[in-house]
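Inside the fold
Okay, here's what each chain looks like letter by letter:
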Amino acid sequence: MPTIKQAEIEQALDAWAQHLLNTTVPQAIGKLAIVGLISHGDVLARRLVQKLQVSGCRAEYGALDITLYRDDLSLRGIRPALKSSYLPFSPDDMTLVLVDDVCNTGRTARAAMEIIFEYGRPAKVELQCLADRGGRQLPIHPDYAAFKLDAPEAERVQLHLQEIDGTEELIY
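This one's a predicted model, so the numbers in the text were calculated from it and none came from an experiment.

Among the nonpolar cores identified, the biggest contains 34 residues, and Ile-34 and Leu-170 are the most heavily contacted of them. With seven residues, helix H1 (residues 6-28) is the single largest residue contributor to this core. Beyond its immediate sequence surroundings of up to four residues, Ile-34 is in contact with Leu-20, Ala-45, Leu-48, Val-49, Leu-52, Ala-59, Glu-60, Tyr-61, Gly-62, Val-97 and Val-99. Among the nonpolar cores identified, the runner-up in size contains 20 residues, and Ala-33, Leu-96, Cys-103 and Ala-111 belong to it.

All right, on to H1 then. When the local axis directions of H1 are compared, the greatest deviation, roughly 40°, occurs at Leu-21. Of the positions making up H1, those classed as buried are Ile-9, Ala-12, Leu-13, Trp-16, Ala-17, Leu-20, Thr-24 and Ala-28.

Each regular strand displays side chains that alternate between the two surfaces of the sheet. Among the six residues that make up strand S2 (residues 32-37), six are buried, leaving the element largely enclosed by the rest of the structure. Here S2 shows a buried face lined by Leu-32, Ile-34 and Gly-36 and a second buried face lined by Ala-33, Val-35 and Leu-37. Where S2 lies against strand S4 (residues 95-103), five bridges are found, and the strand directions are parallel. Looking at the pairing, Ala-33 lines up with Leu-96 of S4. Here S2 pairs with strand S3 (residues 60-64) via five bridges, running parallel. Following the sheet pairing, Gly-36 is matched in S3 by Ala-63.

Moving on: the sheet that holds strand S8 (residues 169-171). Sheet strands pair via backbone hydrogen bonds, and the direction of the pair is either parallel or antiparallel. Judged by pairing direction, the sheet is antiparallel, and its three strands sit side by side in the order S1-S8-S7 without closing on themselves. Because the sheet does not close on itself, it has two edges, and the strands there are strand S1 (3-5) and strand S7 (158-160). The sheet shows a mean angle of 10° between the axes of neighbouring strands, taken without regard to direction. Note: S1 against S8, three bridges, orientation antiparallel. Paired with Thr-3 across the bridge in S8 is Ile-171. In the packing of H1 onto the sheet, the strands contacted are S1, S7 and S8, and the crossing angle to S1 comes to about 70°.

On to the sheet that holds S2, then. Here we have five strands laid out as an open sheet, ordered S3-S2-S4-S5-S6, and parallel in their pairing. At either end of the open sheet lies a strand with only one pairing partner, and these are S3 and strand S6 (144-148). For this sheet the average axis-to-axis angle between neighbouring strands, irrespective of direction, equals 20°. Note: S4 against strand S5 (residues 124-132), eight bridges, orientation parallel. Within S5, the residue paired with Val-102 across the bridge is Ala-131. Strands S2, S3, S4 and S5 of the sheet are contacted by helix H2 (residues 40-54), whose axis makes an angle of about 150° with S2.

Reading the values: rules and limits
Residues numbered from 1 in each chain as written. Predicted model: local features only at pLDDT ≥ 70, side-chain atom pairs only at ≥ 80, totals over all residues. Heavy atoms only, no water. Core = buried A, V, L, I, M, F, W, Y, C linked by side-chain atoms within 4.5 Å. Buried < 20%, exposed > 50% of the residue type's maximum accessible area, 1.4 Å probe, protein only. Helix = DSSP H or I, 4+ residues; strand = E, 2+ residues; numbered from the N terminus. Contact = heavy atoms within 4.5 Å. Bend = angle between axes of the 7 residues up to and from the residue. Pairing = 2+ DSSP bridges. Axes fitted to C-alpha atoms, helices over the stretch in contact; angles between N-to-C directions.

Okay, here's the thing in structure tokens:
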């Protein structure tokens, strides 16, 4: 299985932050929030906010748990482990960057947008991810992906992050 190691992930995050500074930040006009999808997307979002701060850019940070908004919840037959969403600001008139670890079918992003609009009405919502593996089932595509993977549909893509898993790699 191909593996992307920690150094490559860190370089990708640096490039991702630079992309945000070049494209999203100038349009946001001081109303920018980076919102990670729990559990790996929120870690990536936190890292991006820190990288933006080092560059002198202020961005709000938030995290969303989409578990109860999944459209396959009843099909899974398991009790979901719920985590708390954290959105300490109103999304009204803000540019929100939804951060996911791996974009695939588009269903996770759809659930996240459903939650966001319960909180308010952002000026703009972008979807950005570390890895895009394709395989859309909905017409939802990331605006930015650090890695574009060519992984067979049956193959699982796994991101391990130091803060959660004690190791850092993207396996596909």
